[in-house]
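Listed below are the residues making up each chain.
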Amino acid sequence: INFSKGQMGFKRFVEAGRVAYINFGEDHGKICVIADVINNNRVLVDGPTLGVARQVISLRRIALTDFVVKVPKGAKTRTIQTAISEFGLIKKWGETKWGNKVATHAKRSKLNDFERFQVMVLKRQKSYLVNKEVAQASGKKVHKKKTVKKETKQLKPSAISSLTHTHTYQPVSYTHLTLPTSDLVQISVVAVSLKKK
């Protein structure tokens, strides 16, 4: 059974003039135009005004887009350059969600720590405003986050005194111990010193 391109559900084909996005390698993040199909695994791409040199690249390193530039199979660099400018590829790519996402990712990768912090704060403000509008539209109240302050309690002098413990030592009789006389003398000296304290 032979099906035409219009009858098939899949619309992105590997063909001459198909615009592709490079997702791996030195030209990662750039778009190019397929000039020719070499085999089932490799294609010849070119992007004179897109920052991509004419080269052979694996199909695993590119992702096909919906755009197709009218160029013949095996077109030269000048022909592709003219077709890109007439088609307005750069402008159309920038208007797509995919193009905006790539541009945003490239822009944020160059931010420093403080600029990333600013982006985080702006995201929180945006989220709060959106939730506020949604709550007002649905008739619900917006609950603000309460900041809980930790209070440090100061102990009273009576409480402090109750925490301190006084140890008293009672004299101990060692008459029941069967120890040498020298050891009993040393034990009695220690007991007397503890009693004085």
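Conventions used here
- Residues numbered from 1 in each chain as written.
- Predicted model: local features only at pLDDT ≥ 70, side-chain atom pairs only at ≥ 80, totals over all residues.
- Heavy atoms only, no water.
- Pairing = 2+ DSSP bridges.
- Helix = DSSP H or I, 4+ residues; strand = E, 2+ residues; numbered from the N terminus.
- 1 Å grid on protein atoms, 1.4 Å probe; cavity = no way out; pocket = protein on both sides within 12 Å on 5 of 7 lines; lining within 4 Å.
- Points joined across faces, edges and corners; volume = space filled by probe spheres on them.
- Nonpolar A, V, L, I, M, F, W, Y, C, P; charged D, E, K, R; others polar.
- Core = buried A, V, L, I, M, F, W, Y, C linked by side-chain atoms within 4.5 Å.
- Buried < 20%, exposed > 50% of the residue type's maximum accessible area, 1.4 Å probe, protein only.
- Contact = heavy atoms within 4.5 Å.

S.K.: Help me understand the pairing of strand S4 (residues 52–58) in this model?
M.R.: Two faces make up the sheet, and in a regular strand the side chains alternate between them. Sheet topology places strand S3 (residues 42–47) next to S4; five bridges connect them, and they run antiparallel. Counterpart to Leu 44 in the pairing with S4 is Val 56.

S.K.: Looking at this structure, how should I read the layout of surface pockets?
M.R.: Once rolled over the atoms, a probe with the size of a water molecule shows which space is left empty. Roughly 280 Å³ of internal volume is contained in the largest pocket. What lines the largest pocket is a set of 13 residues, and nearest its centre among them are Tyr 21, Gly 29, Lys 30, Trp 93 and Val 102. At the level of elements, helix H2 (89–95) and helix H3 (97–108) are the ones that each hand at least two residues to the lining of the largest pocket. Classifying every residue of the lining of the largest pocket by side-chain character gives eight nonpolar, four polar and one charged.

S.K.: Just checking my understanding: could you explain the nonpolar core for this structure?
M.R.: Side chains of a nonpolar character, in soluble globular proteins, are inclined to be buried together. Counting residues in each nonpolar core, the largest one holds 17 residues, and the members touching the most others are Val 19, Ile 31, Val 33, Ile 80 and Leu 89. Every element with two or more residues in this core is listed here: strand S1 (18–22), strand S2 (31–37), helix H1 (77–87) and H2. Residue contacts for Ile 31: discarding those within four places in its chain leaves Val 19, Ala 20, Tyr 21, Leu 50, Val 52, Leu 89 and Trp 93. Counting residues in hydrophobic clusters, the runner-up holds 10 residues, among them Ala 20, Ile 22, Ile 57 and Leu 64.

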